[in-house]
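Secondary and tertiary structure notes
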2 protein chains.
Amino acid sequence: MDDQHEDKAKEHVEDSLEQVMLLIARQKLVESLVHKQDMPRHELVETLVHKQNLAELTHKLDEMHPADVAYVLEALPLEDRLLVWDLVKAERDGEILLEVSDAVRETLIEAMNNRELVAAAASLDTDEIADLAPDLPKDVVQELMKSLDHAKRLQVESSLSYDEDSVGALMDYDFVTIRCDVTLETGLRYLRMLGDLPPQTDKLFVVERDGRLLGTLPLKRLLVHDPEAHVAAVMSDEPVTFHPSDEASDAAQAFERYDLVTAPVVDAKERLVGRLTVDVVLDYIRAESESDLLQAAGLREEEDLFTTVWKAAKNRWLWLGINLVTALIASRVVGLFEGSIEKLAALAALMPIVAGMGGNSGNQTSTLVVRGFALGLINKDNSKRLLAKELGISVLNGAVWGSIMGVVAYLLYRDAPLGGVTAMALGAVMAAAMMLNLIVAALAGYFAPAVIDRFGRDPAFGSAVLTTFITDSMGFFIFLGLATVFLL
Amino acid sequence: MDDQHEDKAKEHVEDSLEQVMLLIARQKLVESLVHKQDMPRHELVETLVHKQNLAELTHKLDEMHPADVAYVLEALPLEDRLLVWDLVKAERDGEILLEVSDAVRETLIEAMNNRELVAAAASLDTDEIADLAPDLPKDVVQELMKSLDHAKRLQVESSLSYDEDSVGALMDYDFVTIRCDVTLETGLRYLRMLGDLPPQTDKLFVVERDGRLLGTLPLKRLLVHDPEAHVAAVMSDEPVTFHPSDEASDAAQAFERYDLVTAPVVDAKERLVGRLTVDVVLDYIRAESESDLLQAAGLREEEDLFTTVWKAAKNRWLWLGINLVTALIASRVVGLFEGSIEKLAALAALMPIVAGMGGNSGNQTSTLVVRGFALGLINKDNSKRLLAKELGISVLNGAVWGSIMGVVAYLLYRDAPLGGVTAMALGAVMAAAMMLNLIVAALAGYFAPAVIDRFGRDPAFGSAVLTTFITDSMGFFIFLGLATVFLL
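Quick caveat: nothing in here was measured; it's all calculated off a predicted structure. Here the residue numbers are simple positions, counted from 1 along each chain's written sequence. Numbering of ligands from 1 and lettering of chains from A proceed in the order in which they are written. Local features are withheld for residues below a pLDDT of 70 in this predicted model, meaning they are given only at 70 or higher, and side-chain atom pairs are given and counted only at 80 or more; totals for whole chains, interfaces and linings count all residues. Note that water and hydrogens are dropped before the side-chain values are worked out from all heavy atoms of the structure.

This part is about the domain arrangement of chain A. All domain edges in this entry derive from an automatic or database-based domain assignment. Per the domain assignment, the segments of chain A are domain 1 (2-166), domain 2 (177-278) and domain 3 (309-487). Between the C-alpha centres of domain 1 of chain A and domain 2 of chain A the distance comes to 35 Å.

Residue and element names in this part refer to chain A. UniProt positions are given in the numbering used here, feature names are shortened, and annotations may be inferred rather than shown by experiment. As annotated in UniProt, the feature "transmembrane region" (unreviewed entry) corresponds to residues 317-337, 391-413, 425-448 and 460-487 in the numbering used here. Numbering of helices and strands starts at the N terminus; helices are DSSP runs of H or I of at least 4 residues and strands are runs of E of at least 2. From the first C-alpha to the last, residues 391-413 spans 31 Å; its make-up is 100% helix and 0% strand. What you have in residues 425-448 is 100% helix and 0% strand, and the ends, taken at the C-alpha atoms, are 33 Å apart.

All names here are of chain B. A positive phi angle, near 70 degrees, is found at glutamine 200, a position not held by glycine. As for its placement among the helices and strands, glutamine 200 is situated in the loop between α13 (184-194) and β2 (203-207). Burial classification: accessible surface area is computed with a 1.4 Å probe over protein chains only, and a residue below 20% of its type maximum counts as buried, one above 50% as exposed, and the rest as partly exposed. Of the residues examined, glutamine 200 reaches a relative accessible area of 11% and is grouped as buried. Unlike most non-glycine residues, glutamate 270 shows phi in positive territory, near 65 degrees. Its location among the elements puts glutamate 270 in the loop between β4 (262-266) and β5 (272-277). On the basis of relative accessible area, glutamate 270 is assigned to the partly exposed category, the value being 31%.

Feature annotation in UniProt assigns "domain: CBS" (unreviewed entry) to the following positions: residues 235-293 of chain A. For residues 235-293 of chain A, helix accounts for 46% and strand for 19%, while the C-alpha atoms at its two ends are 42 Å apart.

Moving on: the interface of chain A and chain B. By the convention used here, residues are in contact when the closest approach between their heavy atoms is within 4.5 Å. Each side of the interface is counted separately: chain A has 142 residues, and chain B has 142 residues. For this document, the term salt bridge refers to a Lys or Arg side-chain nitrogen within 4 Å of an Asp or Glu carboxyl oxygen. At the junction of chain A with chain B, the criterion picks out 12 salt bridges. The salt bridge partner of Glu390(A) is Arg316(B), with a shortest N-O separation of 2.8 Å. Nitrogen and oxygen atoms within 3.5 Å of one another constitute a polar contact, given that in protein one can donate a hydrogen and the other can accept it, and given that sequence-neighbouring residues count only through two side-chain atoms. The tally of links between chain A and chain B comes to 38 residue pairs in polar contact (both at pLDDT 80 or more). Tallying contributions element by element places helix α21 (residues 380-413) of chain A first for the side of chain A that touches chain B, with 18 residues. Residues were grouped as follows: Ala, Val, Leu, Ile, Met, Phe, Trp, Tyr, Cys and Pro as nonpolar; Asp, Glu, Lys and Arg as charged; and all remaining residues, including Gly, as polar. Of the residues in the side of chain A that touches chain B, the class split is 75 nonpolar, 28 polar and 39 charged.

A word on the packing of aromatic side chains. Any pair of Phe, Tyr and Trp rings, taking the six-membered ring for Trp, is counted once the centres come within 6.5 Å. Such a pair is stacked with planes under 30 degrees apart, edge-to-face with planes over 60 apart, and tilted for the rest. The tally for this structure, following the rule as stated, stands at 10 aromatic pairs over all chains. For the pair Phe242(A) and Phe255(A), a centre-to-centre distance of 5.8 Å together with 15 degrees between the ring planes defines the contact as stacked. One end of the pair, Phe242(A), is in the loop between α15 (231-234) and α16 (248-258); the other, Phe255(A), is in helix α16, and 13 residues separate them in sequence. Judged by its relative accessible area of 1%, Phe255(A) is buried. Relative to Trp317(A), the ring of Trp310(A) has its centre 5.7 Å away and its plane inclined at 90 degrees; by these criteria the two rings are edge-to-face. A relative accessible area of 47% places Trp310(A) in the partly exposed class. Lysine NZ or arginine CZ positioned within 6 Å of the ring centre and within 35 degrees of the ring normal marks a charge as sitting over the ring. In this arrangement the basic side chain of Arg257(A) is found over the ring face of Tyr71(B), its NZ or CZ atom lying 5.4 Å from the centre.

The subject of this paragraph is the pattern of salt bridges. Following the criterion strictly, the structure yields 44 salt bridges over all chains and no others. Of the charged contacts in the structure, one is a salt bridge between Glu303(A) and Lys389(B), with a shortest N-O distance of 3.2 Å. Placement of Glu303(A) in the loop between α17 (278-296) and α18 (309-336) and of Lys389(B) in helix α21 (residues 380-413) is noted, with the two residues assigned to different chains. Under the relative-accessibility criterion, Glu303(A) is labelled buried at 6%. The class for Lys389(B) is buried, based on a relative accessible area of 6%. One continuous salt-bridge network, built from bridges that share partners, spans Glu303(A), Arg316(A), Lys389(B) and Glu390(B).

Attention now moves to the sheet that holds strand β3 (residues 213-218) of chain A. Residue and element names in this part refer to chain A. One open sheet accounts for three strands, arranged β1-β2-β3; its pairing is mixed. Two strands bound the open sheet, and with one partner strand each, they are β1 (177-178) and β3. Judged from the two bridges that link them, β1 and strand β2 (residues 203-207) form a sheet pairing that is parallel. Within β2, the position partnered with isoleucine 178 by the bridge is valine 206. Only strands that DSSP links by at least two bridges are regarded as paired with each other.

This paragraph deals with helix α3 (residues 48-62) of chain A. Residue and element names in this part refer to chain A. Spanning 15 residues, α3 covers 21 Å between terminal C-alpha atoms, matching the ideal 21 Å at 1.5 Å per step. For α3, the set of buried residues is His50, Asn53, Leu57, Lys60 and Leu61. Along the axis of α3, the buried residues cluster in a sector spanning 100 degrees; they form a single face. Turned more than 90 degrees away from the buried face of α3 sit Leu48 and His59, all of them exposed. Given the number of residues in a helix, its expected span is that number minus one, multiplied by 1.5 Å. Comment: arc refers to directions from the helix axis out to C-beta atoms.

On to the packing of α3(A) against helix α5 (residues 78-87) of chain A, then. All names here are of chain A. For helices, the fitted line uses only the C-alpha atoms of the stretch in contact; every axis is such a line through C-alpha atoms, and the angle between N-to-C directions lies from 0 to 180 degrees. Relative to each other, α3 and α5 sit at 75 degrees, their axes nearing to 9 Å. The pairing of α3 with α5 is recorded here as roughly perpendicular in orientation. Taken together, the residues of α5 that come into contact with α3 (itself represented by Leu54, Leu57, Thr58 and Leu61) are Leu83, Val84 and Leu87. For the contact of α3 with α5, the residue count by class is six nonpolar, one polar and no charged. These descriptions rest on fixed angle ranges, namely under 35 degrees for roughly parallel, over 145 for roughly antiparallel, 65 to 115 for roughly perpendicular, and the rest for oblique.

The next point concerns helix α18 (residues 309-336) of chain B. Over its 28 residues, α18(B) runs 39 Å from end to end, which matches the ideal 40 Å to within 8%, given 1.5 Å per residue. Two axes define the bend at a residue: one fitted to the seven residues ending there, one fitted to the seven starting there, and the bend is the angle between them. Bending of α18(B) peaks at approximately 40 degrees at the position of Trp317(B).

Each copy superposes on the other: chain A lies on chain B with an RMSD of 0.1 Å after a rotation of 180 degrees and an axial shift of 0.0 Å. These values place the two chain copies in the arrangement generated by a two-fold rotation axis. Relative to the rotation axis, the closest C-alpha in chain A is found at Glu342(A), a distance of 2.2 Å. Of the interface residues in chain A, 100% have counterparts in chain B that sit at the interface too, so the contact is made through matching surfaces. Residues below a pLDDT of 70 in either copy are left out; the C-alpha atoms of the rest, at least 70 in both, set the least-squares superposition of the copies.

Written as structure tokens, this is what we have:
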């Protein structure tokens, strides 16, 4: 929606949502009324009001930016979503499917027949087709590939061949190349001849006849330098480039670090094979941070807000299952001390505090360590200092919060019958357990990510569970153990 | 580092870190050796090896991109960090200070005297000075402002006047304007005269004599259209624009949605006041997602990995304090049932499972709801459906996990002496408590963010604590309550 005041655009998109919902509601009202007079459906569809209503809704959608239509679709409950989806112009289906979240895309694709799907996908660039392909039915993809010319089919196939978190999966094939031996004047004439440049273009790629990348010619330089100058003299001859196999996250960091808008992608022989653009990088970064937040809560994949109960539940079971197991083990630790608890039930009331504080403190450490790994800030030379610092903090916190809880426990049970045990002694055990468990927490928060990383898994996912598991179990064990030894 | 293969650049930056650390280590070795022969420090500094070493280190740093130096500084323990910081060329201090994280910047600024700070800041653009100012000592800022000419001082002051999460705080003043009544040819000549364009420039801003924004002229169009054409005929006359007071997060969403590289910022009278660029938006999005992850763990601000124990501890206390209070309240709930626990200690072993599963399930719901709020996907029309779905899931999960835990509890205590209570009954209570607490979890996970949002706070921060607090307390209450009523 280039021609829109964003501020308006933003209100606009939420207004649009309101309006669309209103029209849908009106629509349903009409249908229900008509239904009461049980008029046959085909006549209903004939009724003027019905027609006007749909026309209005269709018009509304036509004037919206694909990304805004996508936003509305995501905010609509399934039934209404499909109603709207039917009214969207077929030739816009492709770009909108690209904009919606994976979960919502699934629901839209389910509602389309193969012919529609092929048509929608065919309207896209090859790199976009590759993005969509994994979500399409096999036979649709086959039909689609048949409909493409050889060159395009190769592009789609190569895009599909790359890991989804690699540069190859994010790059497009939409770039303008130029020879190094021509003048800028020639370049300018060439561009006028082209009549348009691909989106995001901020530089041309300078290539040899054999396709080898020699450098890049930023449009800036093309504009400000003497038209008589040769490209070779003006180009930047050591641009930031990527390989299709580079990790997308590394590329994203390079885009941030070096403020890139576009960058060439080259193969092992330095031949130009594609282009990476900042808008794709932006979407990737956003998607990554989204999934980090969702995974931290154990949502394996982003969920359509209005998906079916069944689908959503399955999405959450792995996590709940893992946590049930860890909780069970922790519970068995408590089980070992049921004798002590029978004698002194106060222990049962206090033990969750020791475990809980350990969990919170441990996850503060693991969060920092996970982040340090992700940013490559931690290596063997500085890791010891980091551990030392975290242990130092845990000792300090142990002293502070241990003492506080010791006093609190004393005050709570000062006047309670503890079967011979003094509230003072109980407070002391509480304080000691708290201190020890916070040290355990620092160790767990530090080593959990390291170990998971060692096993080649993503620390961002497992660290929290593992840390909490350790601090819970050890928290119960230390507190109940000390109590058993010193109080009973 | 425009002239660098990123892949290399990436290795390069980690190699650089290794090399710098090596040189520092060697440096220390020399000093210690010399120290053993207790040679006076000034002679040491004279020693050749010492000199060579420093020269090598300095050279290494000089050839590194500011962002890469920043990366190395963040990965170095304080002492080494300051050693390196001393060797960085003074004229690069400014840009490097901009690149490092807030926490690390603090440590670097502490190590500089006012003169150095003023010099460093003076080398920056006005919008960058404004970014730095809040971290600088008051007197430095004053001196700095005096050193600026009137126009620049106004720019810095206006930048400082905006909320840090507003467009005004992110925009720069580094744009090229053009009149609408000139030809593209004239425009091209004008750009050649300028000799260079500001970074990220993808469009010129078309303004009236009174500074009102009429539209934008994408460089693309300037390049491909007939030079004889007038700007007015070629420009996009309704570009996406922002107001300084717009929220940065809304602007970021617009950049993502409409794939922008730069956008004009206008005041209430549509007069051009600044420019927003995608590299700044990228950094903003990254910083936001970072702080979301850190806040989720209760780290109030991003922490220098090697900060002092004391500073780090203070950063974490608020969170631990809040959690201590909530844990205490939950513990008092257990306290109510100490009588029951004395009779049946198995309850103490099983209750953490009920609470824990509720917490995990509740946080899955709250995470989705928080995200829905953030993306503006939830409104009064669809919120009921969302709640219904979450309740549906919790009932399903309650049935599934409740039954599982019921059976597990039965099996665990089948042969254990339960003082008259049958393991079957215990299992039944466990199952019922689990089901009820998962329903509580869905309600808590749904309403906690809503309530926090209502109070104008950021749901991303408080929702997890509040949800967990409710599921813990209610989990204990439901399970122990049912047990007391039906078992004892």
